[in-house]
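Commentary on secondary and tertiary structure
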Amino acid sequence: WRPWRKAEKGCPRRSDTRSLNSRLLHVRMSEAFQKLKRTWEVLGAEDPFWAVVSLADKRGNRWDIDEFYATGERDVERILNLAGQAAGRRVQPEDVMDFGCGVGRLCRAWSSRVNRVTGVDVSRSMVEKGRQLLAGYGNVEFVVNDREDLLGFPDERFGLVASLICLQHMPW
């Protein structure tokens with residue numbers, strides 16, 4: 001490629017090649033995202049608690065629901081402590097997004113600490129189970145995110161976006 005010369009007929013320009021690479025990357029990411037969604041749909045339907053906290057002795061739907069949600073209480077307190085240390089003061093967000101919420105393990109814990117919790121997940125089966133289990137929690141909302149991004153949410157809506165044991169599953 002010689003930027004000082006006009007591209008010869010039939011030869012792609014560098015900008016065309018970059019655009020093609022960008023489109024191919026988007027297709028691969030989109031395919032990976034769809035595979036991720038399918039995987040979590042199955043996990044959410046078959047063994048949702050174990051899929052979130054994968055302890056060997058809990059596989060096969062052997063989690064006690066209260067014991068499962070108690071792990072979320074400990075983790076949310078740990079997140080708040082770490083955020084407080086980083087900020088140099090106790091952090092008290094009003095609205096929290098739990099990214100990769102699954103069945104709402106952290107949403108339930110956040111609900112007693114903040115005004116509003118929005119649990120976001122790609123798995124409809126996980127979100128439906130979370131809605132069922134946390135139906136009595138008026139400040140918890142569950143959203144199925146069918147997008148590869150979070151552009152469906154307005155900027156600055158959340159005082160804190162938390163994600164725990166989720167990002168390692170992202171294919172990109």
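Residues numbered from 1 in each chain as written. Predicted model: local features only at pLDDT ≥ 70, side-chain atom pairs only at ≥ 80, totals over all residues. Heavy atoms only, no water.

1. A few points about the overall build of the protein
Heads up, the condition is: A run of DSSP states H or I qualifies as a helix once it reaches four residues; a run of E qualifies as a strand once it reaches two. Both are numbered from the N-terminal end. The rule is simple: take the accessible area with a 1.4 Å probe, protein chains only, and divide by the maximum for that residue type; under 20% is buried, over 50% is exposed, in between is partly exposed. Contacts between residues were defined by any pair of non-hydrogen atoms, one from each residue, lying within 4.5 Å.
Scanning the protein for helices and strands turns up 5 helices and 4 strands. Counting from the amino terminus, helix and strand elements in the protein follow one another as α-α-α-β-α-β-α-β-β. Per-residue burial for the protein yields a buried fraction of 37% across its 172 residues. Sequence separation of at least 24 residues holds for 59% of the intrachain contacts in the protein that already meet a minimum separation of 6.

2. As for the nonpolar core
Selection criterion: Only buried Ala, Val, Leu, Ile, Met, Phe, Trp, Tyr and Cys residues count toward a nonpolar core, and they belong to the same one when joined by side-chain atoms within 4.5 Å.
Counting 32 residues, the largest nonpolar core has Phe68, Cys107, Trp110 and Phe142 as the members making the most contacts within it. Elements with a minimum of two residues in this core: α1 (14-46), α2 (48-52), α3 (65-87), α4 (105-111), α5 (124-133), β3 (140-144) and β4 (160-162). The element contributing the most residues to this core is α3, with 5 residues. Other than its neighbours up to four places away in sequence, Trp110 contacts Val76, Ile79, Leu80, Val96, Val117, Leu160 and Ala162. One finds Met97, Val120, Phe158 and Cys166 within the second-largest nonpolar core, a separate group that totals 6 residues.

3. With respect to the confidence of the model for the protein
Spelled out, the test is: On a scale of 0 to 100, pLDDT captures the predictor's confidence in every residue.
For the protein, mean pLDDT is 86; residues scoring 70 or higher make up 80% of the total. Every residue in residues 1-5 scores below 50 in pLDDT, and together they form 2 contacts with partners more than four places removed in sequence or on other chains.

4. Thoughts on the sheet that holds β3
Where we set the bar: Pairs of strands are assigned from DSSP output, requiring at least two bridges between the strands. Helix axes are fitted to C-alpha atoms over the stretch in contact, other axes to C-alpha atoms as well, and angles between N-to-C directions run from 0 to 180 degrees.
One open sheet accounts for 4 strands, arranged β3-β2-β1-β4; its pairing is parallel. On the outer flanks of this sheet lie β3 and β4, each paired with one strand and no other. Shown here is a sheet whose adjacent strand axes are inclined to one another by a mean of 20 degrees, direction ignored. Here 5 bridges tie strand β1 (residues 95-99) to strand β2 (residues 116-121), and the two strands are oriented parallel to one another. Paired with Val96 across the bridge in β2 is Val117. On the sheet, α5 packs against β2 and β3 and is oriented at approximately 165 degrees with respect to β3.

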